[in-house]
Number of protein chains: 2
Amino acid sequence: MSTYTAPLSDIRFVLYDLLDVPSHFERLGHVDATRDLLDAVLEEAARFTQTVLAPLNETGDRIGCSFDKATGAVTTPPGFRQAYRQFVEGGWTGLVSPVEFGGQGLPYTAGVPLKEMIDAANLAWGNFPLLSHGATDALLNHGEDWQREVFLRPLVDGTWTGTMCLTEPHCGTDLGLLKTRATPNDDGSHAISGTKIFITAGEHDMTENIVHLVLARLPDAPAGSRGISLFVVPKFKVARDGTMGGANAVRCGSIEHKMGIHGSATCVLNFDGAQGYLVGQPHKGLAAMFTMMNTARLGVGVQGLGLSDRAYQNALRYSRERLQSRSLSGAKFPDKPADPIIVQPDVRRMLLTCKALIEGGRAMSYHAGLLVDIAERAPSEQERKQADALVGFMTPIVKACLTEWGVECTYHALQCFGGHGYIAEHGMEQLARDARITTLYEGTTGIQALDLLGRKVMQQQGAGLQLLLPMIETFCNEQSGNEAVAEFIGPLREKIAQWQQLTLQIGQRAVANAEEVGAAAYDYLMFSGYVALAWWWARSVAAAEGSAQSASFKSGKRETAKFYFARILPRTLTHAAAIASAASTLTALDEAAFDA
Amino acid sequence: MSTYTAPLSDIRFVLYDLLDVPSHFERLGHVDATRDLLDAVLEEAARFTQTVLAPLNETGDRIGCSFDKATGAVTTPPGFRQAYRQFVEGGWTGLVSPVEFGGQGLPYTAGVPLKEMIDAANLAWGNFPLLSHGATDALLNHGEDWQREVFLRPLVDGTWTGTMCLTEPHCGTDLGLLKTRATPNDDGSHAISGTKIFITAGEHDMTENIVHLVLARLPDAPAGSRGISLFVVPKFKVARDGTMGGANAVRCGSIEHKMGIHGSATCVLNFDGAQGYLVGQPHKGLAAMFTMMNTARLGVGVQGLGLSDRAYQNALRYSRERLQSRSLSGAKFPDKPADPIIVQPDVRRMLLTCKALIEGGRAMSYHAGLLVDIAERAPSEQERKQADALVGFMTPIVKACLTEWGVECTYHALQCFGGHGYIAEHGMEQLARDARITTLYEGTTGIQALDLLGRKVMQQQGAGLQLLLPMIETFCNEQSGNEAVAEFIGPLREKIAQWQQLTLQIGQRAVANAEEVGAAAYDYLMFSGYVALAWWWARSVAAAEGSAQSASFKSGKRETAKFYFARILPRTLTHAAAIASAASTLTALDEAAFDA
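Parameters at a glance
- Residues numbered from 1 in each chain as written.
- Chains lettered and ligands numbered in written order.
- Predicted model: local features only at pLDDT ≥ 70, side-chain atom pairs only at ≥ 80, totals over all residues.
- Heavy atoms only, no water.
- Helix = DSSP H or I, 4+ residues; strand = E, 2+ residues; numbered from the N terminus.
- Rg over C-alpha atoms; globule rule 2.2 N^0.38 Å.
- Buried < 20%, exposed > 50% of the residue type's maximum accessible area, 1.4 Å probe, protein only.
- Contact = heavy atoms within 4.5 Å.
- Polar contact = N/O pair within 3.5 Å; in protein donor to acceptor, adjacent residues only side chain to side chain.
- Core = buried A, V, L, I, M, F, W, Y, C linked by side-chain atoms within 4.5 Å.
- UniProt positions renumbered as here; feature names shortened; annotations may be inferred.
- Axes fitted to C-alpha atoms, helices over the stretch in contact; angles between N-to-C directions.
- Parallel < 35°, antiparallel > 145°, perpendicular 65-115°, else oblique.
- Least-squares fit on C-alpha atoms with pLDDT ≥ 70 in both.
- Salt bridge = Lys/Arg side-chain N within 4 Å of Asp/Glu carboxyl O.
- Expected span 1.5 Å × (residues − 1).
- Bend = angle between axes of the 7 residues up to and from the residue.
- Buried area = accessible area lost by both parts, 1.4 Å probe.
- Nonpolar A, V, L, I, M, F, W, Y, C, P; charged D, E, K, R; others polar.
- Domains from an automatic or database assignment.
- Left-handed = near helix turned anticlockwise from the far one by under 90°.
- Disulfide = S-S within 2.5 Å.

Peer 1: Can you explain the overall build of chain A? Please cite residues and give values.
Peer 2: Within chain A, the regular secondary structure consists of 18 helices and 11 strands. A compact globule built from 596 residues should have a C-alpha radius of gyration of about 25 Å, and chain A, at 24 Å, falls within 12% of that. In terms of overall dimensions, chain A has a C-alpha envelope of 80 × 60 × 60 Å along the principal axes. The proportion of buried residues among the 596 residues of chain A is 64%. Across chain A, the fraction of contacts at a sequence separation of at least 24, relative to all contacts at a separation of at least 6, is 74%.

Written out as structure tokens, the structure reads:
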């Protein structure tokens, strides 16, 4: 079985030494979110996730959720329900929710480490409370007063959970195709009919009610994505005054058998004239969903981070314990029958790849979290707008890169175990299977790439990038005299110049051929991720040097940064070459000639 | 459920247009192995694997093997036993085995496409007959006459199967640590005692006997890998005259629960004074095992190829059928509700990556197969020796690259399905799980890398490479006037020069620091694989142009080659940069500072 220890020292390093979040929180009016409070939250989150959630991870996978066809009920794995109850009792569900609805009102950023720990401890379990945040955000930003009154308090205190019902059998990415209908009832509510699939936590036994946020078409809806409206549809009916009614006409038809996250219920939901209420304006449902989606996507990125870290921790332990062969430069532990495999450079390559992607990814994603808070509460509108553009730019990068790296890190970590990694009892293969969902849901990597290059760069004239590049440049200028990071400044300057240049190049080619954007998108996304990470590694070294961290911690940052610049950042060479090649290398082959 | 169609047209292209195997076979004295005969074998193999094996792939995964603790018996999934019986009746088990022991005596190369089809159709099932080949080879090359008489015929005709018993709980890579003991009995046999793990097909219900080839230590054995001997230990005792005896003292203790290949029994075998016979010289067991291992490793490479191809075929079908969104350059199928996703450049990127790695990998691995035949039967000793050096050089490349690409291709293919790829019913996630074993067993990728750079390059003064590079150079010279491949010649020349240069560079650095070999090994291996594949792609285009293949087939080769050179070959840039960086980027970090 794999184990998990919350990486509190690196989390503290990122929050305090690198991002200095307490001073940001103060500036943003989050006066309660002091370092003392954050520390207490971190320690309690570590305790809860390590002792309550992590031990349930293996049983959750082995036993999974079960479905009763006769009743449509879903039973969660043993212990999941009790753990959820403890989570609710600990007040965790409302950690970053508004105080006026019963939440603790902490900044969004304070929820990110909690989420990382939950995902590392038990990704499948984490999906149950996760979706409530999307529902909360949608109602908070777009709901009517009575909807907020009635639905938000139980969502925030965890008595109820929420879902996001978007996907249908014939449409996922292209929501314009969706068919679920909403017919007006006489009382102002709507009757919702249709089939939704892939609904995470769509049915379960943890709470007394479930609040579905459902995309559907009104009778007069225009075709396509401009004719989609958002509805709130509770599992048990709720009147406008909050009175609970009977069962609504929504039923779970089945749950999916999946590669991983067996403890997370992925439901087919059949709506058969279910009572729902319009949220926000008619036909504006997609926009309402998209506001929720940015933070949901950041959240999925953090899932990749959490899984990577758990996998790495176990691979590191195994590599220190497993005695096999000798170091090529002579026995390192001559008194033992063989050296631990961590003396092997190739094992170190895999471990360092994980360490570099995890710690760099932590810095990058926590910073994206901080931008969410700044975008919401910065004193000046300009700062709010800039932070919003920047987080919009970083969101597809964080989502796609941290999940792709999650697949990669769980791969390396399993590989460190050799054949033992393939055996269920070590728990490494579960992490690899669980990680595999993260590059798919909330928009595949390809969709993130189009969001970044097509939407955030081409349509918005690179607003986010034009804010980010000067930040990196400023860092380079400020640190030019700092010996600790001197070796990284040149390569970083070179890469940001190349980033700028590649962006212009794609823009010019896209004028002549719209396919150039789709053809370059994936490689542009990954290029961006690796350059952004290089910045975070250089910043991490600078921050560590200037901090009170131990010599060992500092050397960990310095040597990992060197490794990153020498062996990971050169992946940008491949991506740059792919971007530079014409779209025709992808589009020329006739569709019929793809067969062997 | 995923489907499978044997890619006969590309297999024929590789065998006939690209490698011209019939003329090689004639030259090597395999006069019966004519094109007509090979065609008949290919078609029958396609029929058998498509109609008998492929439909059992999903049940094999879902039901898996089961183990009876009371009796130690293993029951294979429904249909596996009957399929094996048909396989035996079809004479497939002895296809490439010597005629004198009942085989059909076809060249090794003729077995490679069969193996590809079996692995694509049903990897788990394929592991049962697979291991018999290793046992056959070991006995053929190292066994006494009576051992060959008694054991080979039933192994060749499939009445019995074989195993290779190497790994023990505390040793896999480092066999020098193994503890299984062999004590001489009075009758010249030995009593074998110890525990072996990860024994593929170690116990099952398909045949009346199982022949275990077991590594163990004699009482007077020197420590380490020079004290290991090889023994043949049948499940049911067999006397020297072939008389069958009772059950031997070997028992399956359990089977592993694994990430994939659930239909393949991975056994713990407990030997408790089991009767065994020494094969070959005392203390020379490891060398005997290694001769078997080269072809076993090529075989695992072909497993990666087969899985990649099945995954690709299904992703291609899905990408043609799935209607979602519109092409960025305007609707391609305006009469449909949306365009098929294959119009999206990023979907094409994933499909073309698969196509390039699969078809190139097929050419490379079939060529390695041909080298096995040449090494065995070429008229001149020099040619045999050269072929042997070349196949020794190519084996770790084929094993590691084709399995890493298997992981990658099953990843891309699953990704083409979006969220549906994660659901068991589509069968894509099984292929991804099954593929994951291939980079682990028969030596991990890291071990292949050390075999290539440490053993085949450094210890043997690059004998294989010094044969391969002139072959590529000759190709470049010969094709310099051929317009069809002109664009590939320059990049290819550049890459082989760089290959040479990097090899020298590592050699020089290794003199000062032995760790440089381990630090460069993985990237050197992958660099080598991508350059070798570039050669095979250029050769494929040249061969296709000069052939009677259809225009569509030719354009498939040409456009895929262009894609390969533009978007895959640049991966060598990253690997070259990693090789160029010093070993210290991996070794400098103190072991204690790996923690976050």
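Moving on, there is more to tell.
Peer 1: A description of the side chain of Lys-456 of chain A should follow, citing residues and the corresponding values.
Peer 2: All names here are of chain A. One can find Lys-456 in helix H12 (residues 445-459). Among the polar contacts listed, one links the side chain of Lys-456 to the backbone oxygen of Gly-392, at a separation of 2.8 Å. Beyond its immediate sequence surroundings of up to four residues, Lys-456 is in contact with Asn-294, Gly-392, Phe-393, Pro-396, Asp-451, Gly-462 and Ala-463.

Peer 1: An account of the nonpolar core is needed here, citing residue identities and associated values.
Peer 2: By size, the foremost hydrophobic cluster in this structure holds 350 residues, and its most contacted members are Trp-499 and Tyr-564 of chain B. In this structure, Trp-499 of chain B is in contact with Phe-393, Leu-465, Leu-468, Leu-469, Ile-472, Tyr-524, Phe-527, Ser-528, Val-531 and Ala-532 of chain B, ignoring residues within four places of it in sequence.

Peer 1: Mind laying out the UniProt feature "domain: Acyl-CoA dehydrogenase/oxidase C-terminal" (unreviewed entry) in chain A, listing which residues take part and the relevant values?
Peer 2: With numbering aligned to this structure, UniProt lists the feature "domain: Acyl-CoA dehydrogenase/oxidase C-terminal" (unreviewed entry) at residues 284-451 of chain A. Regarding residues 284-451 of chain A, the helix share stands at 72% and the strand share at 0%, and the terminal C-alpha atoms are separated by 19 Å.

Peer 1: Can you tell me about the packing of helix H15 (residues 515-545) of chain A against helix H9 (residues 345-377) of chain B, naming the residues and giving the values?
Peer 2: Following both chains from N to C, one finds H15 of chain A and H9 of chain B inclined at 55°, their axes separated by 8 Å at the closest point. The angle between H15 of chain A and H9 of chain B places the two elements in the oblique class. Together, Glu-515, Gly-518, Ala-519, Tyr-522 and Asp-523 of chain A of H15 of chain A and Pro-345, Asp-346 and Arg-349 of chain B of H9 of chain B make up the contact between the two elements.

Peer 1: I'd love a proper account of the UniProt feature "domain: Acyl-CoA dehydrogenase/oxidase N-terminal" (unreviewed entry) in chain A, names of residues and values included.
Peer 2: When the UniProt feature table is mapped onto this chain numbering, "domain: Acyl-CoA dehydrogenase/oxidase N-terminal" (unreviewed entry) sits at residues 40-158 of chain A. Measuring from the first to the last C-alpha atom of residues 40-158 of chain A gives 21 Å, for a span that is 66% helix and 5% strand.

Peer 1: Give a detailed account of the relation of the copies chain A and chain B, specifying residues and quantitative values.
Peer 2: Once chain A is rotated about the relating axis by 180° and shifted along it by 0.0 Å, it coincides with chain B to within an RMSD of 0.0 Å. The operation mapping one copy onto its partner corresponds to a two-fold rotation axis. Looking at chain A, 100% of its interface residues are interface residues in chain B too, so the copies touch through the same face.

Peer 1: How would you sum up unusual backbone geometry? Please name residues and give values.
Peer 2: Residue and element names in this part refer to chain A. Positive phi is not limited to glycine here, since Ser-325 has a value of about 60°. Structurally, the position occupied by Ser-325 is in the loop between helix H8 (285-321) and helix H9 (345-377). In this structure Ser-325 comes out as partly exposed when scored by relative accessible area, which is 22%.

Peer 1: Can you explain the pattern of salt bridges? Please cite residues and give values.
Peer 2: All names here are of chain A. The tally for this structure, following the rule as stated, stands at 62 salt bridges over all chains. For Arg-12, the salt bridge goes to Asp-39, with nearest N and O atoms at 2.9 Å. Here Arg-12 is found in helix H1 (residues 8-18), whereas its partner Asp-39 is found in helix H3 (residues 35-53), with 27 residues between them in sequence. Judged by relative accessible area, Arg-12 falls into the partly exposed class, the value being 21%.

Peer 1: Give me helix H15 (residues 515-545) of chain B: which residues, what numbers.
Peer 2: Residues and elements named next belong to chain B. Helix length check: H15 (31 residues) gives 46 Å between terminal C-alpha atoms against 45 Å at 1.5 Å per residue, within 8%. In the structure, H15 departs most strongly from a straight axis at Ala-521, where the bend amounts to approximately 45°. Extensive coverage of H15 is indicated by the burial of 30 of its 31 residues.

Peer 1: Mind laying out the environment of Ala-274 of chain B, listing which residues take part and the relevant values?
Peer 2: All names here are of chain B. Assignment of secondary structure puts Ala-274 in strand S11 (residues 266-279). C-alpha of Ala-274 to C-alpha of Leu-307: the two residues are 33 residues apart in sequence and 37 Å apart in space. When neighbours within four sequence positions are excluded, Ala-274 is seen to be in contact with His-190, Ala-191, Ile-192, Val-233, Asn-248, Ala-249 and Val-250.

Peer 1: Give me the interface of chain A and chain B: which residues, what numbers.
Peer 2: Chain A puts 101 residues into the contact, and the matching count from chain B is 101 residues. Contact between chain A and chain B buries roughly 8,400 Å² in total, counting both sides, with carbon and sulfur atoms accounting for 59%. Area buried by chain A at its contact with chain B is led by Tyr-422, Arg-567 and Phe-594 of chain A, which between them contribute 11% of it. The interface formed by chain A and chain B includes six salt bridges. Note that Arg-320 of chain B is salt-bridged to Glu-591 of chain A, the shortest N-O span being 2.6 Å. For the pair chain A and chain B, the interface holds 61 residue pairs in polar contact (both at pLDDT 80 or more). The element that contributes the greatest number of residues to the side of chain A that touches chain B is helix H16 (residues 551-568) of chain A, accounting for 10 residues. Looking at side-chain class alone, the side of chain A that touches chain B contains 48 nonpolar, 27 polar and 26 charged residues.

Peer 1: Residues and numbers for the domain arrangement of chain A, please.
Peer 2: Residues and elements named next belong to chain A. Domain annotation for chain A reports domain 1 (8-142), domain 2 (160-289) and domain 3 (291-580). Taken over C-alpha atoms, the centre of domain 1 sits 24 Å from the centre of domain 2. Listed by partner, the interface residues are 30 residues for domain 1 and 28 residues for domain 2. Here domain 1 meets domain 2 over a buried area of about 2,500 Å², counting both sides, of which 67% is carbon and sulfur. One can count 10 residue pairs in polar contact (both at pLDDT 80 or more) joining domain 1 with domain 2. When residues of the side of domain 1 that touches domain 2 are traced back to their parent elements, those giving at least two are helix H4 (57-63), strand S1 (66-68), strand S2 (73-75), helix H5 (80-89) and helix H6 (108-142). Looking at the side of domain 1 that touches domain 2 element by element, the count peaks at 12 residues for H6. A per-class count over the side of domain 1 that touches domain 2 returns 16 nonpolar, 11 polar and three charged.

Peer 1: Outline the side chain of Ser-555 of chain A, listing residues and values.
Peer 2: You can see Ser-555 of chain A is positioned in helix H16. Beyond its immediate stretch of four places on either side in the chain, Ser-555 of chain A contacts Thr-560 of chain A together with Leu-589 and Ala-593 of chain B.

Peer 1: Could you give an account of helix H10 (residues 381-416) of chain B, naming the residues involved and the relevant values?
Peer 2: All names here are of chain B. Its 36 residues give H10 an end-to-end C-alpha distance of 49 Å, which sits within 8% of 52 Å, the value for a rise of 1.5 Å per residue. Approximately 30° is the largest bend angle found in H10, and it occurs at Met-394, with the proline Pro-396 only one to four residues beyond. H10 sits mainly inside the fold: 28 of its 36 residues count as buried. Where H10 terminates, the next one or two residues include Gly-418, which has phi positive at roughly 60°.

Peer 1: Summarise the environment of Asp-346 of chain A; cite the residues concerned and give the values.
Peer 2: For Asp-346 of chain A, the location among the structural elements is in helix H9. For the pair formed by Asp-346 of chain A and Cys-416 of chain A, sequence separation is 70 residues and the distance between their alpha carbons is 9.3 Å. With residues near it in sequence (within four places) discarded, Asp-346 of chain A still touches Gly-446, Gly-518 and Tyr-522 of chain B. Reaching out from Asp-346 of chain A, the side chain makes a polar contact with the side chain of Arg-349 of chain A at a distance of 2.7 Å.

Peer 1: Before we move on, could you go through the packing of helix H6 (residues 108-142) of chain B against H9 of chain B and cite the residues and values that matter?
Peer 2: Residue and element names in this part refer to chain B. Running from N to C, H6 and H9 cross one another at 145°; their axes reach a closest spacing of 7 Å. When you trace H6 past H9, the crossing you get is right-handed. Of H9, the residues touching H6 (which contributes Tyr-108, Thr-109, Val-112, Pro-113 and Glu-116) are Arg-362, Tyr-366, Gly-369, Leu-370, Val-372 and Asp-373. Considered class by class, the residues forming the contact of H6 with H9 number six nonpolar, two polar and three charged.

Peer 1: Can you break down the state of the cysteines residue by residue, with the values?
Peer 2: Counted by the stated rule, this structure contains zero disulfides over all chains. Take Cys-409 of chain B: it sits in no disulfide, and the sulfur closest to it among the cysteines is that of Cys-354 of chain B, at 4.1 Å.

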